[in-house]
Amino acid sequence: WDTVIKLTWDMNRGKATPLSNNERLFILNSITERIRLDKRDAFDYRDIDICIDNDNPGMVEARIGDTRVLTRVACDVVVPKSHRPREGVLYFQVELTPLASPMFDSSSKNSQTAVEVCRLLERTIRDSRAVDLESLCIVTSEKVWEIRVYVNILDHCGNLIDCAAIATITALKHFKRPDVSMCGQEITIHPVTERLPVPLTVYHIPLCVTFAFFREGDYLLVDPTDKEEEVMDGRLIVGANEHREICAMHLAGGVAILPEQIVRCFQIAAAKCKEHTAIIQEALTRQAGSLPSPLQEVREMHRTVEESNSEMSTLYPCMAALLNMF
């Protein structure tokens, strides 16, 4: 039996177990009866949780149910593109590992799913001008900041794109680059110990809302799970912000959608984006409230110096006069 189990594991390694016909039929019939496996309504999201790392600006973990995405933002000084000499660079990279799902293998870095998530993030965030790229310019045609966003899928339980968008835009809002000064032709990049870092200029918060269609488009729902994604006929991803502005749209699958359905999906997406934006703002506010402000840090430093001077005056009375002189 050990040999049989080992051979079975070797054959199925790196492959996701497909749903049986009975499971597929059960899920489809449940959706037809307006019932979902996790007892949600058709337009309800799973619980959304955002965890921000206080010690590493730009590192955020977002969760939608059991789906987890970790985003890390880094920066470097590079030469700008020739056709955009006054703009910085915003670069995205999506990584999928077998730890996230059995359907991903070690070579899934350039897989179709990774490319799709990366392209949608570029269209939704970069192409919508959510981040001010001109503010990343140091010297025209010579030096600009390159902002690199690394998106790591930790757990894939459905609706990767929405979770990745929440983690990415939150990380960009939380990230701060080093300050730069110029004296003549000399450029100085100041470390955090010398000058406070500078946050990115983010004009708006674009997010993605995924709609799954079933029974040739007769039924739709938002935030599909991994099992619902396996039986859906197609999906529509709407990128929008809280101002009801469409940033991107992506239709995948062979399902035909009527114009009335697209309008309805946009109305739902606008409402969901407003709710998710409030969750992001609350997480950023909560994280900012847990950190001391720069003024508080300066006051704490002065208080520590005064306490050390007081202790030294008590231990060495002969030095009190010298301390008072300063």
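See above for the structure.
Below: a short report on this structure. (Residues numbered from 1 in each chain as written. Predicted model: local features only at pLDDT ≥ 70, side-chain atom pairs only at ≥ 80, totals over all residues. Heavy atoms only, no water.)

## Examining the overall build of the protein chain
So, step 1. Each helix and strand counted, the protein chain has 8 helices and 14 strands in total.
So, step 2. Taking all 326 residues of the protein chain together, 41% fall into the buried category.
So, step 3. Counting only contacts in the protein chain whose residues sit at least 6 apart along the sequence, the fraction spanning at least 24 positions is 70%.
So, step 4. On the protein chain, roughly 18800 Å² of surface is accessible, and the fraction owed to carbon and sulfur atoms is 53%. (Helix = DSSP H or I, 4+ residues; strand = E, 2+ residues; numbered from the N terminus. Buried < 20%, exposed > 50% of the residue type's maximum accessible area, 1.4 Å probe, protein only. Contact = heavy atoms within 4.5 Å. Areas by Shrake-Rupley, 256 points an atom, 1.4 Å probe, with all protein chains shown as cover.)

## Observations regarding the nonpolar core
So, step 1. Core analysis: the largest hydrophobic core is formed by 66 residues, its most contacted members being Leu90, Val94, Leu121, Ile125, Leu172 and Phe211.
So, step 2. Beyond its immediate chain neighbours, meaning those up to four positions away, Ile125 contacts Leu90, Phe92, Ala130, Val131, Thr168, Ile169, Leu172 and Pro206.
So, step 3. Grouped together as the second largest cluster of nonpolar side chains are 10 residues, Leu19, Ile27, Ile31 and Leu221 included. (Core = buried A, V, L, I, M, F, W, Y, C linked by side-chain atoms within 4.5 Å.)

## Notes on the environment of Ile27
So, step 1. Turning to its location among the elements, Ile27 is positioned in helix 2 (residues 21–32).
So, step 2. Distance in space between the C-alpha atoms of Ile27 and Leu37 is 7.6 Å, their sequence separation being 10 residues.
So, step 3. Apart from residues lying up to four places away in sequence, Ile27 is in contact with Leu19, Leu37, Lys227, Glu228 and Val231.

## A closer look at the packing of helix 4 (residues 160–174) against helix 6 (residues 259–289)
So, step 1. Here helix 4 crosses helix 6 at 40°, and the two axes come no closer than 11 Å. Considering their axes alone, helix 4 and helix 6 lie oblique with respect to each other. Between helix 4 and helix 6 lies a crossing whose hand is right-handed. Residues Ile166, Ile169, Thr170, Lys173 and His174 of helix 4 form the contact with helix 6, whose own contacting residues are His276, Ile280, Gln281, Leu284 and Gln287.
So, step 2. Its residues assigned to classes, the contact of helix 4 with helix 6 shows 4 nonpolar, 5 polar and 1 charged. (Axes fitted to C-alpha atoms, helices over the stretch in contact; angles between N-to-C directions. Parallel < 35°, antiparallel > 145°, perpendicular 65-115°, else oblique. Left-handed = near helix turned anticlockwise from the far one by under 90°. Nonpolar A, V, L, I, M, F, W, Y, C, P; charged D, E, K, R; others polar.)

## Digging into helix 2
Side chains of residues three or four places apart in an α-helix project in the same direction, reflecting 3.6 residues per turn.
So, step 1. Taking 1.5 Å as the rise per residue, helix 2 with 12 residues should run 16 Å; its terminal C-alpha atoms sit 16 Å apart, in good agreement.
So, step 2. Those residues of helix 2 that fall on the buried side of the exposure criterion are Ile27, Leu28, Ser30 and Ile31. On an axial view of helix 2, the arc spanned by its buried residues comes to 160°, and they lie on one face. Exposed side chains of helix 2 directed beyond 90 degrees from the buried face belong to Asn21, Asn22 and Phe26.
So, step 3. Lining the buried residues of helix 2 we find strand 11 (207–214), strand 12 (219–222) and helix 5 (226–231).
So, step 4. In the segment just after helix 2, Arg34 is the residue with positive phi, at about 60°. (Expected span 1.5 Å × (residues − 1). Arc of directions from axis to C-beta.)

## Quick word on the side chain of Arg36
So, step 1. Turning to its location among the elements, Arg36 is positioned in the loop between helix 2 and strand 1 (48–52).
So, step 2. Residue class for Arg36 comes out buried when judged on its relative accessible area of 5%.
So, step 3. Of the polar contacts made by the side chain of Arg36, one reaches the backbone oxygen of Asp41; its length is 3.1 Å.
So, step 4. Polar contacts involving the side chain of Arg36 include one to the main-chain carbonyl oxygen of Ala42, which spans 3.3 Å.
So, step 5. Those residues in contact with Arg36 that lie beyond four places of it in its chain are Asp41, Ala42, Asp44, Leu221, Val222, Asp223, Pro224 and Glu228. (Polar contact = N/O pair within 3.5 Å; in protein donor to acceptor, adjacent residues only side chain to side chain.)

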